[in-house]
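Descriptive structure summary
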Amino acid sequence: MSNVVVLDNGGGLMKAGMGGERDPSCVVPNCTARPPSSKKWLLADQLLSPAEDLTSATLRRPFDRGYLINPDLQSTLWAHLFTNLLKITPSSTSLLLTEPLFNLPSIQRSIDEIIFEEFNFKALFVADSPSLVHLYEASRRPYGLVSKAQCSLVVDCGFSFTHTAPVFQNFTLNYGVKRLDLGGKALTNYLKELVSYRSVNVMDESFIMDDVKEKLCFVSLDVPRDLQIARKHGKDNVLRCTYVLPDGVTYTKGYLKDPDESKRYFTLDDEVPSSHRGENDYMERQDPTDKNQDRRTVDLTKNEFCLTNERFLVPEMIFRPADLGMNQAGLAECIVRSVNSCHPHLHPVLYER
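Heads up: these notes are all about the structure in this document. Worth saying up front: this structure is predicted, and the values here are computed from it rather than measured.

Alternating residues of strand β15 (residues 241-244) divide into C241 and Y243 and T242 and V244, and every residue in both groups is buried. Note that β15 and strand β16 (residues 255-256) share two bridges and pair antiparallel. Paired with V244 across the strands is Y255, a residue of β16.

On to the sheet that holds strand β6 (residues 58-60), then. An order of β5-β4-β6 is seen for the three strands of this open sheet, with the pairing classed as antiparallel. Every other strand in the sheet has two partners, leaving β5 (42-43) and β6 as the edge strands with one partner each. Bridge analysis of strand β4 (residues 32-34) against β5 gives two bridges, and the strand direction is antiparallel. Note on β5: the bridge partner recorded for T32 is L43.

With antiparallel pairing, the three strands of this open sheet are ordered in space as β16-β15-β17. In the strand order of this sheet, the two ends are held by β16 and β17 (304-307), each with one partner. When β15 meets β17, the two strands line up antiparallel, connected through four bridges. Each residue of the ladder has a partner; that of T242, found in β17, is C306.

Turning our attention to helix α1 (residues 71-85). Counted at 1.5 Å a residue, the expected span for α1 with its 15 residues is 21 Å, and the 20 Å between its end C-alpha atoms agrees. Taken together, the buried positions of α1 are occupied by L73, Q74, S75, L77, W78, H80, L81 and F82. Taken from the residues just after α1, K87 is the one with a positive phi, measuring 55°.

The subject of this paragraph is the state of the cysteines. If you walk through the whole model with that rule in mind, you get zero disulfides. Between C151, a cysteine without a disulfide, and C342, which holds the nearest cysteine sulfur, the sulfur-to-sulfur distance is 7.0 Å. For C151, a relative accessible area of 2% corresponds to the buried category. Of all cysteine sulfurs in the structure, the one in C241 sits closest to C217, which takes part in no disulfide; the separation is 10.0 Å.

Once that is clear, we can look at the packing of helix α5 (residues 184-198) against helix α6 (residues 206-216). Between two packed helices, the angle of one axis relative to the other and the distance separating the axes together describe the packing. Two numbers describe how α5 lies on α6: the axes approach to 9 Å, and their chain directions differ by 100°. Considered as vectors, α5 and α6 are oriented roughly perpendicular to each other. Along the contact surface, α5 presents G184, L187, T188, L191, K192 and V195, while α6 presents S206, M209, D210, V212 and K213. Residue composition of the contact of α5 with α6, grouped by class: five nonpolar, three polar and three charged.

Its 14 residues place the ends of helix α2 (residues 105-118) 19 Å apart at the C-alpha level, agreeing with the 20 Å of an ideal helix rising 1.5 Å per residue. Residues of α2 that are buried sit in contact with β8 (67-68), α1, β9 (94-99) and β10 (123-128). Where α2 ends, the next residue or the one after it, N120, has phi of about 60°, a positive value.

Right, let's get into the pattern of salt bridges. One pass over the structure, following the stated rule, counts 10 salt bridges. Here D210 makes a salt bridge to K213, at a shortest N to O gap of 3.7 Å. In this pair, D210 and K213 are both assigned in helix α6, three residues apart and thus about one turn of the helix distant. Residue D210 is classed as buried on the basis of its relative accessible area, which comes to 18%. You can call K213 buried: its relative accessible area is 15%.

With a phi close to 60°, S56 is a non-glycine residue in the positive phi region. With respect to the helices, strands and loops of the structure, S56 is situated in the loop between β5 and β6. For Q169, which is not glycine, the phi torsion reads 55° and is therefore positive. Mapping Q169 onto the fold places it in the loop between β12 (162-168) and β13 (171-172).

Quick look at the packing of aromatic side chains now. Centre distance and the angle of the planes are the two values used to describe a pair of aromatic rings. Under the counting rule described, the total for this entry stands at 10 aromatic pairs. Pairing Y251 with Y255 gives two aromatic rings, centres 5.1 Å apart and planes at 80°, and the pair type is edge-to-face. A residue is classified by how much of its surface remains accessible, and Y251, at 18% relative accessible area, is buried. On the basis of relative accessible area, Y255 is assigned to the partly exposed category, the value being 28%. Judged by centre distance (5.4 Å) and plane angle (80°), the ring pair of Y265 and F266 falls under edge-to-face. Take F266: its relative accessible area is 52%, and that puts it in the exposed class. Among the aromatic residues, those joined into a cluster by ring pairs are F218, Y265, F266 and F312. When the ring centre of W41 is taken as reference, the NZ or CZ atom of R60 above it lies at 5.2 Å.

Thresholds, definitions, all that
- Residue numbers here run from 1 along each chain, matching the order of that chain's written sequence.
- Under the rules for a predicted model, residues below a pLDDT of 70 receive no local features and side-chain atom pairs below 80 are neither given nor counted, while totals for whole chains, interfaces and linings still include all residues.
- As a rule here, side-chain values cover all heavy atoms of the structure and leave hydrogens and water aside.
- Buried residues are those whose accessible area, probed at 1.4 Å on protein chains only, stays under 20% of the maximum for their type, while exposed residues exceed 50% and partly exposed ones sit between those limits.
- Every helix listed is a DSSP run of H or I at least four residues long, and every strand listed is a run of E at least two residues long, numbered separately from the N terminus.
- Should DSSP find at least two bridges between two strands, the strands are taken to pair.
- Working rule for helices: expected span equals 1.5 Å times residues minus one.
- Put simply, a disulfide is two cysteine sulfurs that come within 2.5 Å.
- Lines fitted to C-alpha atoms define the axes, with helix axes restricted to the stretch in contact, and inter-axis angles between N-to-C directions lie between 0 and 180 degrees.
- Should an angle fall under 35 degrees it is taken as roughly parallel, and over 145 as roughly antiparallel, whereas 65 to 115 is taken as roughly perpendicular and any remaining angle as oblique.
- Here, two residues are considered to be in contact whenever any of their heavy atoms come within 4.5 Å of each other.
- Gly is put with the polar residues, along with every residue not named as nonpolar or charged; the nonpolar set is Ala, Val, Leu, Ile, Met, Phe, Trp, Tyr, Cys and Pro, and the charged set is Asp, Glu, Lys and Arg.
- For salt bridges, the criterion is a side-chain nitrogen of Lys or Arg within 4 Å of an Asp or Glu carboxyl oxygen.
- Centres within 6.5 Å are what make two rings of Phe, Tyr or Trp a pair, Trp counting through its six-membered ring; a difference in plane orientation under 30 degrees is then read as stacked, over 60 as edge-to-face, and the rest as tilted.
- A ring is scored as having a charge over it whenever the NZ atom of a lysine or the CZ atom of an arginine sits within 6 Å of its centre and within 35 degrees of its normal.

In structure tokens, the structure reads:
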């Protein structure tokens, strides 16, 4: 077995495994949580246990806004990861660790102290995510464009922010990196607000809404068309999905009421009404009994809510942060600015990949 541990230490998840393996051995939350009914803080993989009810749980994260702010908590999480999950001996193991772009020197020193003084690792190599992604893609396709040109543009959508980073010969060009202060956490919070306003108060349910976002949300290729579809009623609305919240007795995790329901949109034919048709055109063609049928499908014995246009409007905020009141460029503009910051000779290759 390899004596190199690879750790992608993100603000939301820790992905760890042994060097040479295709997939990480464990993917666990990079946080601790305490359920209201317990005085014990749960760590990493314990949060994924089906027996744990994390409804309204209190969260503590070592990262805030993309940077490490609580080294002691991070050390505790790493100790659990290395000892109980990976089951390694740090003194005879080397560590490959990822860090955020433009990481502060004080944070780097704290990490070095934890790695060498607390865990006593044999060696440490720290790299940023874009350069590792470029290296992986170049090695996976040795005759591809990335490998031949040794140049690529990496879009890193993380927990707290999104980066567009040009990479040249396995080195990230820092002067071309553009940052968007919008990531998975902000999208989850936006989904919480939408669901709380329209259906059920879920402002304290971070784990549940993360699950909803990951299972149901997607990026729309035609927003006006999908908005028209979301206005339909009954079976014609292929975007409509129902999510059942945990009750703490029968089941402790939320789940999709009908898993096949969430896949109906992706089987939609291209032959759908064009986006220029008005809302009234659809409303006139609806059967009045469809609304009653919708109401009958809701099980009043369960606490559940339905999603329609939220499924694609939430991820759309990455492209339109101004809709959230953020005075920042969207992802498409960040990519253009990032490419234009590089040498003109690199522009064709960066736009290609």
